[in-house]
Amino acid sequence: MKLDELLHFLAEERNFDLRGYKPTTLERRIRKRMGQLSLGDFGSYVEHIRANPGETNQLLDTILINVTEFFRDPEAWEIVANDILPPLLKRLRTGHSFRAWVAGCSTGEEVYSLAMLVAEFFGSRLSDFDIKIYATDVDEHALNIARRGEYAPERLRRVRPEWRGKYFSNASQPRVNRELRRLLIFGRSDLAQDAPISHVQLMVCRNVLIYFDSITQMRILGRLHYALDPGGILFLGKAESKARGAGTGDIFARCQ
Ligand SMILES: C[S@@+](CC[C@H](N)C(=O)[O-])C[C@H]1O[C@@H](n2cnc3c(N)ncnc32)[C@H](O)[C@@H]1O
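Residues numbered from 1 in each chain as written. Predicted model: local features only at pLDDT ≥ 70, side-chain atom pairs only at ≥ 80, totals over all residues.

## Here's the deal with the domain arrangement of the protein chain
Part 1 of the argument: Assigned domains within the protein chain: domain 1 (3-63) and domain 2 (74-254).
Part 2 of the argument: Placing the centre of domain 1 and that of domain 2 at their C-alpha centroids yields a distance of 30 Å.
Part 3 of the argument: Between domain 1 and domain 2, the contact holds five residues from the first and seven residues from the second.
Part 4 of the argument: Class assignment for the residues of the side of domain 1 that touches domain 2 results in two nonpolar, one polar and two charged. (Domains from an automatic or database assignment. Contact = placed C-beta atoms within 7 Å. Nonpolar A, V, L, I, M, F, W, Y, C, P; charged D, E, K, R; others polar.)

## Quick look at the packing of helix 5 (residues 74-90) against helix 6 (residues 109-122)
Part 1 of the argument: Where helix 5 contacts helix 6, the axes come no closer than 10 Å and their chain directions differ by 55°. Relative to helix 6, the element helix 5 lies oblique. Crossing hand, helix 5 versus helix 6: right-handed. Here Trp-77, Val-80, Ala-81, Leu-85, Pro-86 and Leu-89 of helix 5 come into contact with helix 6, specifically with Ser-113, Leu-117, Val-118 and Phe-121.
Part 2 of the argument: Residues that form the contact of helix 5 with helix 6 fall into these classes: nine nonpolar, one polar and no charged. (Axes fitted to C-alpha atoms, helices over the stretch in contact; angles between N-to-C directions. Helix = DSSP H or I, 4+ residues; strand = E, 2+ residues; numbered from the N terminus. Parallel < 35°, antiparallel > 145°, perpendicular 65-115°, else oblique. Left-handed = near helix turned anticlockwise from the far one by under 90°.)

## Brief notes about the packing of helix 1 (residues 3-14) against helix 3 (residues 42-51)
Part 1 of the argument: Two numbers describe how helix 1 lies on helix 3: the axes approach to 9 Å, and their chain directions differ by 15°. Of the possible angle classes, the one that applies to helix 1 and helix 3 is roughly parallel. Where helix 1 crosses over helix 3, the handedness of that crossing is right-handed. Note on element contacts: helix 3 touches helix 1 through Phe-42, Tyr-45 and Val-46, opposite Leu-3, Glu-5, Leu-6 and Phe-9.
Part 2 of the argument: Broken down by class, the residue content of the contact of helix 1 with helix 3 amounts to six nonpolar, no polar and one charged.

## Let's talk about the nonpolar core
Where a protein is soluble and globular, its nonpolar side chains tend to be buried together.
Part 1 of the argument: Ranked by internal contacts, the top residues of the largest apolar core, which has 54 residues, are Val-102, Ala-115, Ile-133 and Met-203.
Part 2 of the argument: No other element matches helix 6, which puts six residues into this core.
Part 3 of the argument: Beyond its immediate chain neighbours, meaning those up to four positions away, Ala-115 contacts Ile-133, Leu-180, Leu-183 and Leu-184.
Part 4 of the argument: In this structure, Leu-6, Leu-7, Leu-18 and Tyr-45 belong to the second largest nonpolar core, which totals six residues. (Core = buried A, V, L, I, M, F, W, Y, C linked by C-beta atoms within 7 Å. Buried ≥ 20, exposed ≤ 12 C-beta atoms within 10 Å, placed from the backbone.)

## Topic: the sheet that holds strand 5 (residues 184-188)
Two modes of strand pairing occur in sheets, parallel and antiparallel, and in both the strands are linked by backbone hydrogen bonds.
Part 1 of the argument: Judged by pairing direction, the sheet is mixed, and its six strands sit side by side in the order 5-2-1-6-7-8 without closing on themselves. The open sheet terminates on both sides in strands that have one partner only, identified here as strand 5 and strand 8 (252-254). Recorded for the sheet is a direction-independent mean angle of 15° between the axes of neighbouring strands.
Part 2 of the argument: Bridge analysis of strand 7 (residues 228-236) against strand 8 gives three bridges, and the strand direction is antiparallel. (Pairing = 2+ DSSP bridges.)

## A closer look at the pairing of strand 1 (residues 97-103)
Part 1 of the argument: Burial runs high along strand 1: six of the seven residues are buried.
Part 2 of the argument: Taking the sense of rotation as the criterion, the β-α-β connection linking strand 1, helix 6 and strand 2 (residues 130-137) turns out right-handed.
Part 3 of the argument: Two elements, strand 1 and strand 6 (residues 200-205), share three bridges in a ladder whose sense is parallel. By the bridge assignment, Trp-101 is partnered in strand 6 with Met-203. (Right-handed = clockwise from strand over helix to strand, strands pointing away.)

## Some details on the site of the ligand
Part 1 of the argument: By nearness alone, 21 residues border the ligand, and Leu-64, Thr-68, Gly-104, Ser-106 and Asn-207 come closest of all.
Part 2 of the argument: Partitioned by chemical class, the residues of the shell around the ligand number nine nonpolar, six polar and six charged. (Near = placed C-beta within 6 Å.)

## Some points on helix 2 (residues 23-36)
Part 1 of the argument: Over its 14 residues, helix 2 runs 20 Å from end to end, which matches the ideal 20 Å to within 8%, given 1.5 Å per residue.
Part 2 of the argument: Just downstream of helix 2, Ser-38 is the residue with a positive phi angle, here 55°. (Expected span 1.5 Å × (residues − 1).)

## Some thoughts on the environment of Ser-127
Part 1 of the argument: Within the secondary structure, Ser-127 sits in the loop between helix 6 and strand 2.
Part 2 of the argument: With 57 residues separating them along the chain, Ser-127 and Leu-184 place their C-alpha atoms 13 Å apart.

## Some details on unusual backbone geometry
Part 1 of the argument: At Ser-38, a residue that is not glycine, the phi angle is positive and equals roughly 55°.
Part 2 of the argument: Owing to 7 C-beta atoms within 10 Å, Ser-38 belongs among the exposed residues under this scheme.
Part 3 of the argument: You will see that Asp-73, though not glycine, has its phi angle at about 70°, which is positive.
Part 4 of the argument: Note that Asp-73 resides in the loop between helix 4 (55-63) and helix 5.

So, in structure tokens, the structure goes:
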């Protein structure tokens, strides 16, 4: 059996379509998992998956790398705080809505970073506005951690000390407080397959497109542009900005 056939099986029978992912990386990761099971060919691996329904999740854990952190790439987040959010938020009148979408949110650190900046901008006026920050990922396990919003204290190293007390409860097992959590809407969504959310003013998609082949990257970028309202901002990772054809480091784009 070839890799293509294994991917066809996963898409058709396990409802997980990995066909837009870069084949070399994908094959390396699948073989890594097969090695752990001492299986040498894709045919025996398919048999193993049929006999062990939980194996698909094990495979996904090997393929979907969930590495993330609060304020990952701090200089970029400084730009979000100082130059991107203020013009988007200051034009809102009481009761108006602001919609952002963080796609590939993993275990939540990135989207809570954004929520802290929005909360800081509005201060005590936060509840005067209809803020909705959608956070999606294809990985249900990561999403469950994100929904809970509880992190080991060392994960908060990039969060300003004064914000740790303000936005987290319980210093020994910090949990994002309710004020911040209520701004967020988590959901499973496959960027390569599912319809995008629409009418967002800020779209964050970082360190996700790198998984996909160039055709799928272009298709996803089309969806991200569709999601944005005119004047909305796309915030990419460094690797994503290369896929857009922009220079490395050109991680912000305004939708015309
Ligand atoms: C390396 S993490 C990046 C997390 C975060 N955006 C950051 O930059 O810190 C990549 C995330 O993309 C998610 N992902 C991979 N394929 C996806 C897909 N098809 N649709 C949505 N999310 C996907 C993975 O599950 C993982 O949580």
